[in-house]
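Survey of secondary and tertiary structure
One-letter residues, chain by chain:
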Amino acid sequence: MYCLVLFPIDSEAFIYVVPQYLASQVKIGARVIVPFKNSKKIGVIVGFENVIKKREGIILKEIEAVLDESPLLSENLIKLIHWVGNYYISTSGVVLKNALPAGVLEGKKYRKPRVTEYPGLAPQSWAGREQRLELTTEQESALMSITNVDSGVFLLHGVTGSGKTEVYMRAIEALPEGAEALVLVPEIALTSQIVDRFRSHFGEAVAVLHSGLGVGERIKEWWRIRKGEVRVAIGVRSAVFAPFMKLGLIVIDEEHEATYKQSEGLRYNARDVALVRAKIEPYRPKIILGSATPSMEVCFSTRGGPFGNSKRVFAESRYDREGNIFYLGLTKRIDSRPMPEVQVLDMKIEEKETPFFSKKIVEALKEAHIKGHQGILMLNRRGYSPFIICGDCGYIYRCPHCSITLTYHKDKRALKCHYCGLSLIPDEKCPKCGGIKFRYIGLGTQRVEEELRELFPELHLRRMDRDTTRRKLSHYRIIKEMENGATNLLIGTQMVARGHDLPSVTVAGIVFADMALNIPDFRSGERAFQLFTQLCGRAGRGLYPGRVFIQTYEPEHYVFEYVKNHDYAGFYKKEINLRRELGYPPFNRLIRIILSSRDKKVFDEIIEDLRFKIKDLKNSKPQAPFKLPEILGPVPAPMERLKGYWRWHLLLKGKDSKILR
């Protein structure tokens, strides 16, 4: 008897002999101790073989011990691991490493970890806090559509503040006894409020999974899920692999967010993996995709609603080959509160209070403070200044490892690369000419904070970006201060735009909107619209109406017209026609291939070889139904050097994802 053992390394499973005395103990999904090279390693059994072809000179090793009486991983989760490894052109071992928290396969010392409680609300503070809210007619209708079917995928398209989270909780309540639910959120910054709400609703039956927890805490929460001690798990991208045994519902909140896609190591999209998991699980869990600004691909696959009937685009990852995704709309805010008034300010002609702030934003913030309200300002660039330049010779500090200027961080008096992490203290004199007239060009969140402290010395300001949220509990504390009214004005990157429910915020502003519009990416318009709309949604969620100010030097851009009118359907129609004309997703699939090397000279031969092979392919006459995809490149990548590696890339474009892969 032979078994296949998978390790959390870049490889597929290895074959081991099962000794007779362990034959009754081995099970698919159980952990085993096996000899591996010159040491011992813990792996997971993922299959059995009765007969294998032995290679000459190869001696198979025996497994030495079985660690689990019952399987650690279900067969369904193992199937998912294999699918992800195959679909995303990786290996099952790499997927296993992403699916399990560090430590589960690292020995006994992690089995009973010393941990602290999750930094959400303490039990005494949330016990008995649940307030039963009365559902609106639209919420009731959406909930009935979800609960009246055994399985299916639903797009819950609700304007900001329409009560999508309440629908999620009621849908979980309506699950059969013993059924479990998984709630995915796009980033850690959103977990504090949603965990608060779910724990006030479900008590201790809520687990949390994200990288902000310590190793021991993550393992503890993982084991609580595996043992069936929780009803709901809330987590970021990797929580899609949570070890539920009776999964009945998967919620993907803010499904449009790019953070669901992992771009290093195992490159996967958690949304699509969740759709596949729902097909594999025996209970066929329902899926709710929630968003105020759904992704183009999801809308294109949705039946009904403002998008019309469309053909499928999810390929292997689509849920239902016939029905696709069903539309559920929430068009009004809770208590029929008005959507905020949005003003797009043309900074070429707008009257300015300072070089970076229009008079209208400053006056609105003053007025909000006088009335006891709060404000949010977003600039999607951290640091103090994107670069510093010598006023005498024009010298600019650049990262020696990346094709990017170094960002100046005034609090540390350091220049930092936001890609490779390099940090250095700038010289007092210019390294090139010895000049001392340095100029700070551009704007970052630190500089915004400094200017606002001068304008509003009486306000309590907080900044929320990657620099201020590195420490544990930092996200939680910043949002709690806003909820409690201790902070008057929150400044930050796109973190401040996502999902926070802060009823006292009546003024929101975008300081320099043009950055989001001018990214070399076919999705830049879509992502800009989503980001601006999400930021608008933070204002006016309470008793008082909200106002939003968007500062830009390009007010004629088509995105702003739809943002001003809160018109997602109009934006979708405009954008989908542009995509159709250019053959971009969802009308075609794209695969981007990146080649990287520390030695730039290596590319000369490789690129020439690639171009020769592409020319050969294009000259060939493929037989039907094979259709050659369009090949764009190879050319230098937009970020030609990153973390010390020179990079070229090429795109494959076509309709059939199998042929592309």
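The sections below set out a description of the structure shown in this document. (Residues numbered from 1 in each chain as written. Predicted model: local features only at pLDDT ≥ 70, side-chain atom pairs only at ≥ 80, totals over all residues. Heavy atoms only, no water.)

A word on the overall build of the protein chain. Along the protein chain, the regular secondary structure elements total 18 helices and 27 strands. Its C-alpha atoms give the protein chain a radius of gyration of 27 Å, near enough to 26 Å, the size a compact globule of 661 residues would have. Projected onto its principal axes, the C-alpha positions of the protein chain cover 85 × 65 × 55 Å. Considering the protein chain as a whole, with its 661 residues, one finds that 53% of them fall into the buried category. Accessible surface, the protein chain: about 31,500 Å² in total, of which carbon and sulfur atoms supply 50%. Charged side chains of the protein chain number 101 positive and 77 negative; the gap between the two group centres comes to 4 Å. (Helix = DSSP H or I, 4+ residues; strand = E, 2+ residues; numbered from the N terminus. Rg over C-alpha atoms; globule rule 2.2 N^0.38 Å. Buried < 20%, exposed > 50% of the residue type's maximum accessible area, 1.4 Å probe, protein only. Areas by Shrake-Rupley, 256 points an atom, 1.4 Å probe, with all protein chains shown as cover. Lys, Arg positive; Asp, Glu negative; His and termini not counted. Charge placed at Lys NZ, Arg CZ, Asp CG, Glu CD.)

Turning our eyes to something else, we now look at the nonpolar core. Leu73, Val84, Leu182, Phe241 and Val273 are the most contacted members of the largest nonpolar core, which has 54 residues in total. Top contributing element to this core by residue count: helix α1 (residues 75–87), with 7 residues. Ignoring anything within four residues of it in the chain, the contact list for Leu73 reads Ile28, Gly29, Val44, Ile78, Ile81, Leu96, Leu100 and Trp222. Within the second largest apolar cluster, 39 residues are counted, among which are Phe300, Phe532, Val548 and Ile550. (Core = buried A, V, L, I, M, F, W, Y, C linked by side-chain atoms within 4.5 Å. Contact = heavy atoms within 4.5 Å.)

We now examine the packing of aromatic side chains. Scanning the entire structure with this criterion turns up 26 aromatic pairs. Ring centres of Phe529 and Phe571 lie 4.3 Å apart, and the angle between their planes is 0 degrees; this geometry places the pair in the stacked category. Within this pair, whereas Phe529 is found in helix α14 (residues 524–536), its partner Phe571 is found in helix α16 (residues 568–582), the two being separated by 42 residues in sequence. Pair check on accessibility: Phe529 and Phe571 agree, each one buried. In textbook terms, an aromatic cluster arises when at least three aromatic residues are bridged by ring pairs, as seen for Phe529, Tyr558, Tyr562, Tyr568 and Phe571. Across the ring face of Tyr584, the terminal group of Lys653 is positioned such that the distance to the ring centre comes to 4.8 Å. (Phe/Tyr/Trp six-rings, centres within 6.5 Å; stacked < 30°, edge-to-face > 60°. Lys NZ or Arg CZ within 6 Å of the ring centre and 35° of its normal.)

Let us look at the sheet that holds strand β23 (residues 505–510). Read across the open sheet, the 6 strands follow the order β14-β24-β23-β15-β22-β21; overall the sheet is parallel. Two strands in the sheet have a free side with no partner beyond their single neighbour: β14 (341–346) and β21 (461–464). For this sheet, the mean angle separating the axes of adjacent strands, direction not counted, is 15 degrees. Bridge analysis of β14 against strand β24 (residues 547–552) gives 6 bridges, and the strand direction is parallel. Paired with Asp346 across the two strands is Thr552, which belongs to β24. Strands in contact with α14 are β14, β15 (374–378), β23 and β24; relative to β23, the strand with the most contacts, it is inclined by about 155 degrees. (Pairing = 2+ DSSP bridges. Axes fitted to C-alpha atoms, helices over the stretch in contact; angles between N-to-C directions.)

As a further point, take the layout of surface pockets. Estimates place the volume of the second largest pocket at around 1,400 Å³. If you list the elements that add at least two residues to the lining of the second largest pocket, you get α4 (137–147), α5 (164–173), α6 (191–202) and α12 (474–483). Of all the elements, α6 adds the most residues to the lining of the second largest pocket, at 6 residues. Tallied by class, residues from the lining of the second largest pocket come to 10 nonpolar, 17 polar and 19 charged. (1 Å grid on protein atoms, 1.4 Å probe; cavity = no way out; pocket = protein on both sides within 12 Å on 5 of 7 lines; lining within 4 Å. Points joined across faces, edges and corners; volume = space filled by probe spheres on them. Nonpolar A, V, L, I, M, F, W, Y, C, P; charged D, E, K, R; others polar.)

Spatially, β8-β9-β7-β10-β11-β6-β13-β12 is the arrangement adopted by the 8 strands of the open sheet, whose pairing is parallel. The open sheet has two free edges, formed respectively by β8 (206–209) and β12 (302–303), since each of these has just one partner strand. Sheet topology note: the strand β7 (residues 180–184)/strand β9 (residues 232–235) ladder contains 4 bridges and is parallel. Across the sheet, the residue bridging to Ala181 is Val232, located in β9.

On to the state of the cysteines. The final tally for this structure, using the stated rule, is 0 disulfides. No disulfide involves Cys417; its sulfur sits 3.7 Å from that of Cys420, the nearest cysteine. Its relative accessible area of 4% is what places Cys417 among the buried residues. (Disulfide = S-S within 2.5 Å.)

It is worth spelling out the pattern of salt bridges at this point. Pairing between side chains of opposite charge can happen when their charged atoms approach one another. In the structure shown here, the tally under the stated rule is 33 salt bridges. With a shortest N-O distance of 3.0 Å, Glu166 and Arg197 are connected by a salt bridge. In this pair, Glu166 is assigned in helix α5 and Arg197 in helix α6, connecting sequence segments 31 residues apart. Since its relative accessible area comes to 4%, Glu166 is described here as buried. Of the charged contacts, one joins Glu297 and Arg523 as a salt bridge, the two residues approaching to 2.7 Å between their closest N and O atoms. Linking Glu297 in helix α9 (residues 296–300) with Arg523 in the loop between α13 (514–517) and α14, this pair joins segments that are 226 residues apart in sequence. (Salt bridge = Lys/Arg side-chain N within 4 Å of Asp/Glu carboxyl O.)

The next subject is α14. With 13 residues, α14 should cover 18 Å at 1.5 Å per step; its first-to-last C-alpha distance of 18 Å lies within 8% of that length. Within α14, 12 of the 13 residues are buried, which leaves it mostly tucked inside the rest of the structure. When α14 is considered as a whole, its buried residues turn out to be Ser524, Gly525, Glu526, Ala528, Phe529, Gln530, Leu531, Phe532, Thr533, Gln534, Leu535 and Cys536. (Expected span 1.5 Å × (residues − 1).)

Here the focus is the side chain of Lys653. You can see Lys653 is positioned in strand β27 (residues 645–654). Among buried charged residues, Lys653 stands out as having no salt bridge; its nearest opposite-charge side chain is Glu630, 4.1 Å away. Among the polar contacts made by the side chain of Lys653, one reaches the main-chain carbonyl oxygen of Leu582 at a distance of 2.9 Å. Among all residues touching Lys653, those that are not within four sequence positions of it are Leu582, Gly583, Tyr584, Asn588, Arg589, Leu590, Pro629, Glu630 and Leu660. (Polar contact = N/O pair within 3.5 Å; in protein donor to acceptor, adjacent residues only side chain to side chain.)

Turning to the packing of α4 against α5, a few remarks are in order. In the contact formed by α4 and α5, the axes pass within 10 Å of each other and the chain directions differ by 35 degrees. The chirality of how α4 crosses α5 is right-handed. Contact residues: α4 offers Gln139, Leu143 and Ile146, while α5 offers Glu166, Val167, Arg170 and Ala171. Among the residues making up the contact of α4 with α5, the classes are represented as 4 nonpolar, 1 polar and 2 charged. (Left-handed = near helix turned anticlockwise from the far one by under 90°.)

The next thing to look at is helix α8 (residues 270–280). Helical geometry: 3.6 residues make up each α-helical turn, so side chains three or four residues apart lie on a common side. Of all 11 residues that make up α8, 9 are buried, and the element is covered over most of its length. Buried within α8 are the following residues: Ala270, Arg271, Asp272, Val273, Ala274, Leu275, Val276, Arg277 and Ala278. Next to the buried residues of α8 lie α1, β6 (153–158), β7, β10 (247–253), β11 (286–291) and α9.

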